[in-house]
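Architecture at a glance
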Amino acid sequence: LRSSDMLTLAQAGAQRIGSTCAHVFVDERHARHAYAPPEDGPPSKFIIFTRGRSGSTLLVDLLKRHPAIRCHHEALSSAAVYADMPMWTKGSRDANRSGFLDSLYTQGVPERQMQAVGFKAFPQQLTRSEFIGLGTSPHVKKIVLRRSNLLDVYVSEIKARKLGEYKSVNTSSLRVHVFLTDFRAFVRNVEREYGCIDSLRDGSWLGLSYDEIASAERRRGTMQRVFEHLGVMNLADADEAALDWDEATSSTYSPAKMAVLGGKQMDGRAGRSSTLMKQDVAPHSSSIDNFAQLVKVFKGTRFESMLRGA
């Protein structure tokens, strides 16, 4: 597409997201135009739009197991550059975000080896111009990952915050209290975030659910859809074991984290878990202190079915 066509797409995208998304994105004061990703050409470029506690770490790790895909984690996190880009620091990235994104899609990616390169991002990690540019660009393939059970998401987030660990942690033994006012505000925020994402979404985007990748039975078929969407080869039968859990992804907890967890045995190994395993397998009835209250309050509402989650 010509630059004028790209500008038209970006302008249309800006109109579609509206004012409701104003407080979702990173504040930007100097961007005059939407971010323009590098133009088409091998490898293909992609982005995963999602939010925390929705299975995105699992999806990224599955994609990284494909020999022709390079997928970064939260490259735009406010905490650090969670990407395989040693030449960039958080400071240099924040001083030149467009240059960083260009580099992410092009740096160290030999055409013969990589067929697709991308990263995951939460709406609050992107500026408005970046979201519009990435969301409307025909040169970037989009994946939207969401977890429909918002009580699962909320409880998982509380547990991770309590433990101080957001990856490869089995939190089944932790108990939490669900404050209804806080939960309702959380739901509004999540729905606003996905509403902004959906405002740019069209038929070319690939939608995935948490259950599709968390389920071992559905994972292979789901990842085949992802590979087709990204235009990369499907894994040969001999390589499909890469989509199964293995010891290489397990991690060992520190004594401090083990103390929070009560020293419980997890998956037959003390203090070990995996990104390819569900991190919280306890039913809400045993992990939420005020579960009985939620049963009464949620009865007859859209949240009632969420009580059967986890």
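As shown above, the structure is provided for reference.
Description of the structure in this document. The residue numbering used here restarts from 1 in each chain and proceeds along that chain's sequence as written. With the structure being a predicted model, the display of local features is reserved for residues of pLDDT at least 70 and the display and counting of side-chain atom pairs for 80 or more, all residues being used for whole-chain, interface and lining totals. To obtain the side-chain values, all non-hydrogen atoms of the structure were included, while hydrogens and water were left out.

**A closer look at helix H12 (residues 291–298)**
Burial here depends on accessible area, computed with a 1.4 Å probe over protein chains only, as a share of the maximum for the residue type. Under 20% is buried, over 50% is exposed, and the range in between is partly exposed. Under the scheme used here, helices are H or I runs from DSSP no shorter than 4 residues and strands are E runs no shorter than 2 residues, and both carry numbers assigned from the N terminus. By the burial criterion, the buried members of H12 are Phe 291, Leu 294 and Phe 298. The buried residues of H12 occupy an angular sector of 55 degrees when projected down its axis, which confines them to one face. In this structure, H12 carries Ala 292 and Lys 296 as exposed residues pointing more than 90 degrees from its buried face. In this fold, the buried residues of H12 make contact with helix H7 (180–200) and helix H11 (284–287). Gly 300 sits one or two residues past H12 and shows a positive phi near 80 degrees. By definition, the arc is the one covered by directions from the helix axis to the C-beta atoms. Contacts are assigned to residue pairs with any non-hydrogen atoms lying within 4.5 Å of each other.

**Looking at the pairing of strand S4 (residues 140–146)**
Across the seven residues that make up S4, a large majority, five, are buried. We treat two strands as partners when DSSP finds at least two bridges between them. Here five bridges tie strand S1 (residues 44–49) to S4, and the two strands are oriented parallel to one another. Bridge pairing links Ile 48 to Ile 143 in S4. Pairing analysis gives four bridges linking S4 to strand S5 (residues 206–209), with the strands arranged parallel. When the sheet's bridge partners are listed, Arg 146 is paired in S5 with Ser 209.

**Quick look at the side chain of Glu 74**
Examined against the element boundaries, Glu 74 turns out to sit in strand S2 (residues 69–74). Once you skip the residues sitting within four places of it in the chain, Glu 74 turns out to touch Ala 80, Val 81, Tyr 82, Lys 120, Phe 122 and Gln 125.

**What to know about the sheet that holds S4**
As summarised here, the arrangement of the five strands in space is S2-S3-S1-S4-S5, forming an open sheet in which the pairing is parallel. Taken across any chain shown, the strands that pair with only one partner, and hence form the sheet edges, are S2 and S5. Taking each pair of neighbouring strands and ignoring which way they run, the sheet shows an average axis angle of 20 degrees. Only the contacting stretch of a helix is used when fitting its axis, a line to C-alpha atoms as for every element, and angles between N-to-C directions run 0 to 180 degrees. Contacting S1, S2, strand S3 (116–121), S4 and S5, helix H2 (residues 56–64) crosses the sheet at an angle of about 155 degrees to S2. Here helix H9 (residues 216–230) sits on the sheet in contact with S1, S2, S3, S4 and S5, set at roughly 160 degrees to S5.

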